[in-house]
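# Descriptive analysis of the structure
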Amino acid sequence: MIIKVTCAIIFHNNKILAAKRSNSMPHSGYWEFPGGKIEENESPEDCLIREINEELDCLIEIKEQLPLFTHQFSDKHIELQPYICAIKSGTPRAVEHSEIKWLAKTDLLKIQWLPADVDIAKFLQSF
Ligand SMILES: Nc1nc2c([nH]c(=O)n2[C@@H]2O[C@H](COP(=O)(O)OP(=O)(O)OP(=O)(O)O)[C@@H](O)[C@H]2O)c(=O)[nH]1
């Protein structure tokens, strides 16, 4: 089963937002770029704006599409579409995640990312 997921690389003051999955989420304790599954009849961009509004209580502006990253979990195949984003209004806060933090590019690999996100974090270091 292929699951299509969008995620936001939110830049603010030259830092990137990371979100920690909470106890109520699968893969809890791992860090990810916030986002979620694309619903039927929804564009990836609309999905991402909706998910960020739900998860971080703010509005984002999508700036640029990055390459697609994929990961095979034991039970599912994730296709992860990241977008570079900026905050349009509001201040991000963890609504569904247990914690959020802002990381400089040089610190990106210091936290424990979901496996699919490790490659995105590496990609961003030279972005
Ligand atoms: N949001 C997000 N999900 C990711 C990332 N990397 C990654 O492997 N995933 C996986 O992609 C799937 C997305 O699920 P999700 O739980 O965030 O999405 P959702 O809010 O639409 O899910 P739900 O409505 O079923 O609870 C999960 O299996 C998650 O583990 C990432 O950076 N961000």
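Every value quoted in this text rests on a predicted model; they were computed, and no experiment measured them.

Parameters and conventions
Residues numbered from 1 in each chain as written. Predicted model: local features only at pLDDT ≥ 70, side-chain atom pairs only at ≥ 80, totals over all residues. Heavy atoms only, no water. Buried < 20%, exposed > 50% of the residue type's maximum accessible area, 1.4 Å probe, protein only. Helix = DSSP H or I, 4+ residues; strand = E, 2+ residues; numbered from the N terminus. Arc of directions from axis to C-beta. Contact = heavy atoms within 4.5 Å. Near = heavy atom within 4 Å. Polar contact = N/O pair within 3.5 Å; in protein donor to acceptor, adjacent residues only side chain to side chain. Areas by Shrake-Rupley, 256 points an atom, 1.4 Å probe, with all protein chains shown as cover. 1 Å grid on protein atoms, 1.4 Å probe; cavity = no way out; pocket = protein on both sides within 12 Å on 5 of 7 lines; lining within 4 Å. Sits in = over half its atoms within 2 Å of the grid points. Nonpolar A, V, L, I, M, F, W, Y, C, P; charged D, E, K, R; others polar. Core = buried A, V, L, I, M, F, W, Y, C linked by side-chain atoms within 4.5 Å. Phe/Tyr/Trp six-rings, centres within 6.5 Å; stacked < 30°, edge-to-face > 60°.

## Some details on helix α2 (residues 115-125)
Note on helix geometry: an α-helix contains 3.6 residues per turn, so any two residues three or four positions apart are oriented the same way. For α2, every residue scored as buried is listed here: Ala116, Asp117, Ile120, Ala121 and Leu124. Along the axis of α2, the buried residues cluster in a sector spanning 135 degrees; they form a single face. Looking at the buried side of α2, the elements it contacts are β1 (2-12), β2 (15-20), β3 (31-32), β6 (69-72) and β7 (77-89).

## Re the site of the ligand
Close contacts around the ligand come from 17 residues, with His27, Phe33, Lys37, Lys76 and Asp117 the closest. Backbone polar atom of Phe33 to a nitrogen atom of the ligand: 2.7 Å apart, as the coordinates give it. Burial of the ligand by the surrounding chains reaches 78%, relative to a free accessible area of 630 Å². Judged by the fraction of its atoms near the pocket grid, the ligand is located in the largest pocket. Looking at the shell around the ligand, the elements with two or more residues in it are β1, β4 (35-37), β7 and α2. Across the shell around the ligand, the residue classes tally to 8 nonpolar, 3 polar and 6 charged.

## Section: the nonpolar core
By size, the foremost hydrophobic cluster in this structure holds 23 residues, and its most contacted members are Ile9, Phe33, Leu80, Trp113, Ile120 and Leu124. Every element with two or more residues in this core is listed here: β1, β2, β7 and α2. The greatest single-element share of this core, amounting to 5 residues, is contributed by β1. Those residues in contact with Trp113 that sit more than four places away from it in its chain are Ala18, Tyr30, Trp31, Glu32, Phe33, Leu103, Leu108, Val118 and Ala121. In terms of nonpolar packing, the next biggest core, distinct from the first, is built from 11 residues, Ala8, Leu17, Ile52 and Cys85 among them.

## With respect to the packing of aromatic side chains
Applying the stated criterion across every chain, the model contains 3 aromatic pairs. For the pair Phe69 and Phe123, a centre-to-centre distance of 5.8 Å together with 75 degrees between the ring planes defines the contact as edge-to-face. In this pair, Phe69 sits in strand β6 while Phe123 sits in helix α2, placing the two residues 54 residues apart along the sequence. Judged by relative accessible area, which is 29%, Phe123 ranks as partly exposed.

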